[in-house]
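The lines below spell out each chain.
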Amino acid sequence: MYRQMINLTKPSILMNIEQNQIEKHNDSLLTSHQRKLAFLKEDWAHVDLESVIQKLVDFQIAIPSWALGTGGTRFGRFAITGGEPRTIEEKIEDVGLLHALNGASGAISLHIPWDIPQNAGELKKLAAGYGLKFDAMNSNTFQDQAGSAHSYKFGSLQNVNKAIRKQAIEHNIEVIKHGIALGSDALTVWLADGSCFPGQLNFRKAFENTLESLQEIYAALPEDWKIFVEYKAFEPNFYSTTVGDWGQSLLYASKLGKKAYTLVDLGHHLPNANIEQIVALLLMEGKLGGFHFNDSKYGDDDLTAGSIKPYQLFLIFNELVEGMDAKGMNHAKDLGWMIDASHNVKDPLEDLLQSVEAIMIAYAQALLVDRKALNEAQDNNDVAKAQEILQNTFRSDLRAIVAEARLRAGAALSPINLYRDLAVRSNLVNHRGNTVATGL
Ligand code: RM4
Ligand code: MN
Ligand code: MN
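Residues numbered from 1 in each chain as written. Chains lettered and ligands numbered in written order. Predicted model: local features only at pLDDT ≥ 70, side-chain atom pairs only at ≥ 80, totals over all residues. Heavy atoms only, no water.

J.: Can you tell me about the coordination of the manganese ion (ligand 3), naming the residues and giving the values?
T.: Surrounding the manganese ion (ligand 3) are the protein donor atoms His268 (NE2) and Asp300 (OD), which sit 2.2 to 2.4 Å from the metal. Separating the manganese ion (ligand 3) from the manganese ion (ligand 2) is a gap of 4.0 Å. Note that histidine 268 is positioned in the loop between strand 9 (260-265) and helix 9 (275-284) and aspartate 300 in the loop between strand 10 (288-293) and helix 10 (310-326), a separation of 32 residues in sequence. (Donors = N, O, S within 2.8 Å, 3.2 Å for Na, K, Ca; no water. Helix = DSSP H or I, 4+ residues; strand = E, 2+ residues; numbered from the N terminus.)

The following block contains the structure:
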């Protein structure tokens with residue numbers, strides 16, 4: 001993928017990572033990497049490690065265009081890094097840098113209207129130059145846009161006012177059109193719709209309005225597109241949310257039809273929800289469409305994937321792998337994989353590298369679970385054995401396998417160290433200045 005990048009005509013490139021820089025870095029780490037890998041190969045001699053490595057090479061996680069700048073909270077935003085991308089072109093460049101480093105970030109997900117593509121053809125070329133595709137498109141009816149006729153203060157697709165619903169529907173159809181031009185094939189709809197106080201909303205009417213609006217959007221989807229209905233328990237509404245949990249999302253998706261699916265964002269549940277069980281059942285119903293990875297301690301914290309609850313991330317992947325295999329699904333292609341995080345104290349690019357690494361490790365662990373033995377333990381009600389089996393892989397250090405997949409993809413053995421050694425951020429600051437990205 002990377003090789004392709006240097007042969008293509010240069011975009012308005014600010015900063016590039018050359019193949020020889022990656023090779024030099026890999027050479028310096030090769031002996032120690034090979035020692036660790038040989039050890040793992042011996043340990044896992046009874047499994048087909050080659051096919052595990054190939055699955056890791058194939059697995060790509062889309063980067064959201066809104067995660068490339070420093071995040072903030074409602075109390076403020078500290079632009080600590082500078083060099084943030086100002087345009088879609090620069091956002092593509094940033095994702096291109098990530099992909100060159102880790103070989104696993106081969107797609108970008110755009111949020112409209114934070115990123116309105118002016119010239120889709122040129123953008124497609126630019127992205128292809130970095131080996132990137134356009135992942136699911138995201139609509140935004142949770143903020144009022146300059147110049148729009150109506151406000152979403154009391155909701156968008158659920159609104160009691162038909163003209164407001166219509167404006168929100170048309171926006172979503174606009175987003176689909178942008179996506180078609182870019183070669184995307186999915187629309188993610190996350191609604192902030194809901195209510196803040198008891199009595200504010202008639203729940204049934206809000207659901208019916210939302211469903212009717214979604215049906216109009218669904219009708220505008222091309223044949224080969226999917227629509228992902230994302231749910232979230234609360235925030236910005238604090239009494240009710242109109243797509244508040246997986247049950248409600250599944251209800252909409254089932255009523256809409258075969259192109260509609262539920263999207264699970266890890267941060268969108270009430271505390272202690274059993275997300276792995278939700279995932280298993282959605283897969284069983286053929287209604288799991290996509291994923292937004294992040295981690296959280298309290299709510300929709302949008303922290304780095306795997307930074308708080310790595311065991312939960314592994315258990316989720318364990319169900320994903322089990323459920324996808326049961327249905328003969330292609331791990332890399334049949335679900336939409338994306339990070340949805342933001343960060344106010346880290347360099348966003350370093351944070352994204354850490355998230356991708358955590359996801360790959362959890363995926364590798366899930367691939368190595370001894371499924372046959374686990375089934376047997378379950379059938380025998382051998383609870384202790386089942387736990388032993390899961391924790392055996394979770395507690396194995398599989399980082400060398402993930403690194404080997406990166407090596408084979410032409411990427412770096414240690415992406416974050418190479419990012420620092422090449423002083424990527426200060427180069428970006430030099431080129432772009434003390435810029436701040438668009439987004440939340
Ligand atoms: C929401 C949700 C959506 C994301 C916005 C920015 O909480 O996670 O997926 O597009 O935030
Ligand atoms: Mn999300
Ligand atoms: Mn969220």
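J.: Got a sec to walk through helix 9? Specific residues and values, please.
T.: Residues of helix 9 that are buried: Ile275, Glu276, Ile278, Val279, Leu282 and Leu283. Angularly, the buried residues of helix 9 cover 155 degrees about the axis, an arc narrow enough to put them on a single face. Residues of helix 9 that are buried sit in contact with helix 8 (246-256), strand 9, strand 10 and helix 10. (Buried < 20%, exposed > 50% of the residue type's maximum accessible area, 1.4 Å probe, protein only. Arc of directions from axis to C-beta. Contact = heavy atoms within 4.5 Å.)

J.: Any details on the sheet that holds strand 3 (residues 133-134)? Residues and values, ideally.
T.: Across the sheet, three strands lie side by side as 1-2-3; this open sheet has parallel pairing. Whereas interior strands pair on both sides, the edge strands pair on one side only; in this sheet they are strand 1 (63-64) and strand 3. (Pairing = 2+ DSSP bridges.)

J.: Got a sec to walk through the coordination of the manganese ion (ligand 2)? Specific residues and values, please.
T.: Within the protein, the atoms that donate to the manganese ion (ligand 2) are Glu230 (OE), Asp265 (OD), His292 (ND1) and Asp340 (OD), at distances of 2.1 to 2.2 Å. We note that the donor set of the manganese ion (ligand 2) lies within a single chain, spaced as E-x34-D-x26-H-x47-D. Residue classification places glutamate 230 among the buried positions, given a relative accessible area of 3%.

J.: Which residues make up the packing of helix 4 (residues 88-102) against helix 5 (residues 120-129), and what are the values?
T.: Interhelical geometry of helix 4 versus helix 5 gives an angle of 15 degrees and a closest axis separation of 9 Å. Taken as axis vectors, helix 4 and helix 5 run roughly parallel relative to one another. Seen along the crossing, helix 4 lies across helix 5 with a hand that is right-handed. Each of Ile88, Glu89 and Ile92 in helix 4 lies in contact with helix 5, whose residues at this interface are Leu123, Leu126 and Ala127. Classifying every residue of the contact of helix 4 with helix 5 gives five nonpolar, no polar and one charged. (Axes fitted to C-alpha atoms, helices over the stretch in contact; angles between N-to-C directions. Parallel < 35°, antiparallel > 145°, perpendicular 65-115°, else oblique. Left-handed = near helix turned anticlockwise from the far one by under 90°. Nonpolar A, V, L, I, M, F, W, Y, C, P; charged D, E, K, R; others polar.)

J.: Help me get a handle on the sheet that holds strand 5 (residues 186-190), residues and values and all.
T.: What the six strands build is an open sheet, ordered 4-5-7-9-10-11; its pairing is parallel. For this open sheet the edge positions go to strand 4 (137-138) and strand 11 (336-339), each flanked by a neighbour on one side alone. In terms of strand pairing, strand 7 (residues 226-230) meets strand 9 through four bridges, oriented parallel. Pairing of glutamate 230 across the sheet is with leucine 263, part of strand 9. In this fold helix 9 packs onto strand 9 and strand 10, with an angle of close to 155 degrees to the strand it touches most, strand 10. Across the face of the sheet, helix 10 comes into contact with strand 10 and strand 11 while running at roughly 160 degrees to strand 10.

J.: How would you explain the nonpolar core if you had to name every residue and give the values?
T.: Counting 108 residues, the largest nonpolar core has Leu56, Ile92, Phe291, Phe317, Leu320 and Ile401 as the members making the most contacts within it. At 13 residues, helix 11 (residues 348-367) tops the list of elements feeding residues into this core. Once residues within four sequence positions are removed from consideration, phenylalanine 317 is found in contact with Phe59, Phe293, Ile359, Ala362, Tyr363 and Ala366. By size, the runner-up hydrophobic cluster in this structure holds nine residues, among which are Leu315, Leu374, Ala386 and Ile389. (Core = buried A, V, L, I, M, F, W, Y, C linked by side-chain atoms within 4.5 Å.)

J.: Give me the packing of helix 3 (residues 49-58) against helix 14 (residues 399-408): which residues, what numbers.
T.: Running from N to C, helix 3 and helix 14 point in directions that differ by 65 degrees, and their axes come no closer than 9 Å. Crossing hand, helix 3 versus helix 14: right-handed. Here helix 3 contributes Leu49, Glu50, Val52, Ile53, Leu56 and Val57 to the contact with helix 14, which in turn contributes Ile401, Val402, Glu404, Ala405 and Arg408. Across the contact of helix 3 with helix 14, the residue classes tally to eight nonpolar, no polar and three charged.

J.: How would you sum up helix 11? Please name residues and give values.
T.: Helical periodicity: at 3.6 residues per turn, an α-helix aligns residues three or four positions apart in one direction. For helix 11, with 20 residues, the first-to-last C-alpha span of 29 Å sits near the 28 Å given by 1.5 Å per residue. In terms of residue burial, helix 11 counts as a mostly covered element, since 18 of its 20 residues are buried. Its side-chain oxygen 2.8 Å from the backbone nitrogen of leucine 349, aspartate 347 forms the N-cap of helix 11. (Expected span 1.5 Å × (residues − 1). Polar contact = N/O pair within 3.5 Å; in protein donor to acceptor, adjacent residues only side chain to side chain.)

J.: A description of the environment of glutamine 277 should follow, citing residues and the corresponding values.
T.: Within the secondary structure, glutamine 277 is located in helix 9. For the pair formed by glutamine 277 and isoleucine 316, sequence separation is 39 residues and the distance between their alpha carbons is 8.1 Å.

J.: Give me the environment of arginine 432: which residues, what numbers.
T.: Considering the arrangement of structural elements, one finds arginine 432 in helix 16 (residues 424-432). As for arginine 432 and arginine 86, which are separated by 346 residues in sequence, their C-alpha atoms are 8.4 Å apart. Engagement of the side chain of arginine 432 in a polar contact is seen with the backbone oxygen of glycine 83, the distance being 2.9 Å. Side-chain polar atoms of arginine 432 contact the backbone oxygen of glutamate 90, separated by 3.3 Å.

J.: Hey, could you go over the side chain of glutamate 230 for me, with residue numbers and the actual values?
T.: Within the secondary structure, glutamate 230 sits in strand 7. One buried charged residue, glutamate 230, forms no salt bridge at all, with the nearest opposite charge on lysine 232 at 7.4 Å. Engagement of the side chain of glutamate 230 in a polar contact is seen with the side chain of histidine 268, the distance being 3.4 Å. Sequence-distant contacts of glutamate 230, that is, excluding residues within four places in its chain, are made with Thr188, Val189, Trp190, Val243, Leu263, Asp265, His268, His292 and Asp340. (Lys, Arg positive; Asp, Glu negative; His and termini not counted. Salt bridge = Lys/Arg side-chain N within 4 Å of Asp/Glu carboxyl O.)

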